[in-house]
Amino acid sequence: MPQENTPIVKRDTSRADAVFAGASRMLHNLGWNSLMEVSLANNRRADILAINHKGEILIIEVKSCLADFSSDEKWPEYRDFCDYFIFAVDQDFPIDRLPAETGYAIADQFGGAIIREAALHKLSGPRRKAMTLKFARIAASRLYQNLTTPMA
């Protein structure tokens, strides 16, 4: 039974899907390549993991509503796995509730824009290598799984 002060989270999947789609388009337009739903070594799952031409790593945490955000206190645990961390929310999200030390983007099904840039928290060399290899292996695996014609 939930405690009195515990918010009941009912994730609005249509809103979340629209933010995912817009954030992905935004990243592509900004020169980032991204993957959705990536497990990290600390047993957390990044909503969106992205890498740019410089090898910088970005994690985006998608929030569909205030209840979804309020019930999630794990976001600081993503910091050790990226150079930049931002939240992606829709235009109706109360942005004053987002932590000042993170970046944020507003997104919908058509695209998005980074409103507040994320501060750089430069990864160590070994962690960057591990994250880059993880990104490459997941991307290659997903590409292989989606092939529809056999390679000769």
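Below, the structure is looked at part by part. Everything numeric here is computed off the predicted structure, so don't read it as measured data. By convention here, each chain's residues receive numbers from 1 onward along its written sequence. In keeping with the predicted nature of the model, local features appear solely for residues at pLDDT of at least 70, side-chain atom pairs appear and are counted solely at 80 or more, and the whole-chain, interface and lining totals rest on all residues. The side-chain quantities take in all heavy atoms of the structure and omit both hydrogens and water.

### What to know about the overall build of the chain
- Note on conventions: DSSP H or I runs of at least 4 residues are helices, E runs of at least 2 residues are strands, and numbering of each starts at the N terminus. When you go through the chain residue by residue, the secondary structure sums to 3 helices and 6 strands.
- Burial status across the chain gives 41% buried among its 152 residues.
- By definition in these notes, contact holds between two residues if any of their heavy atoms fall within 4.5 Å. Considering only residue pairs separated by 6 or more positions, the chain has 57% of its internal contacts joining residues 24 or more positions apart.
- Areas reported here follow the Shrake-Rupley algorithm with a probe of radius 1.4 Å; residue values treat only the protein chains shown as occluding. Surface summary for the chain: the accessible area is close to 9,200 Å², and the carbon and sulfur share equals 53%. Categorising residues by exposure relies on relative accessible area from a 1.4 Å probe, with only protein chains included: less than 20% of the type maximum marks a residue as buried, more than 50% marks it as exposed, and the intermediate range marks it as partly exposed.

### A word on the pattern of salt bridges
- Here, a salt bridge means any Lys or Arg side-chain nitrogen found within 4 Å of an Asp or Glu carboxyl oxygen. Applying the stated criterion across every chain yields a total of 9 salt bridges.
- With its nearest N and O atoms 2.1 Å apart, the salt bridge here joins glutamate 37 to arginine 45.
- On the basis of relative accessible area, arginine 45 is assigned to the partly exposed category, the value being 38%.
- In this structure, lysine 63 engages glutamate 61 in a salt bridge whose closest nitrogen and oxygen atoms are separated by 3.1 Å.
- According to the relative accessible area criterion, lysine 63 is buried, its value standing at 2%.
- Take glutamate 61: its relative accessible area is 2%, and that puts it in the buried class.

### Some words on unusual backbone geometry
- Despite not being glycine, glutamate 37 has its phi angle at roughly 55°, a positive value.
- Structurally, the position occupied by glutamate 37 is in strand β1 (residues 33-39).

### Some words on the nonpolar core
- By nonpolar core we mean a set of buried residues, namely Ala, Val, Leu, Ile, Met, Phe, Trp, Tyr and Cys, connected to one another through side-chain atoms within 4.5 Å. Formed by 23 residues in total, the largest nonpolar core has its most connected members in Leu40, Leu49, Ile57, Ile59, Phe85, Phe87 and Leu98.
- Mapped by element, the contributors of at least two residues to this core are β1, β2 (45-51), β3 (57-62), β4 (84-89) and α3 (125-145).
- Discounting residues that sit within four places of it in the chain, leucine 98 has contacts with Phe69, Phe87, Val89, Phe93, Tyr104 and Arg116.

Honestly, that's just the spatial picture; any functional story needs more than this.
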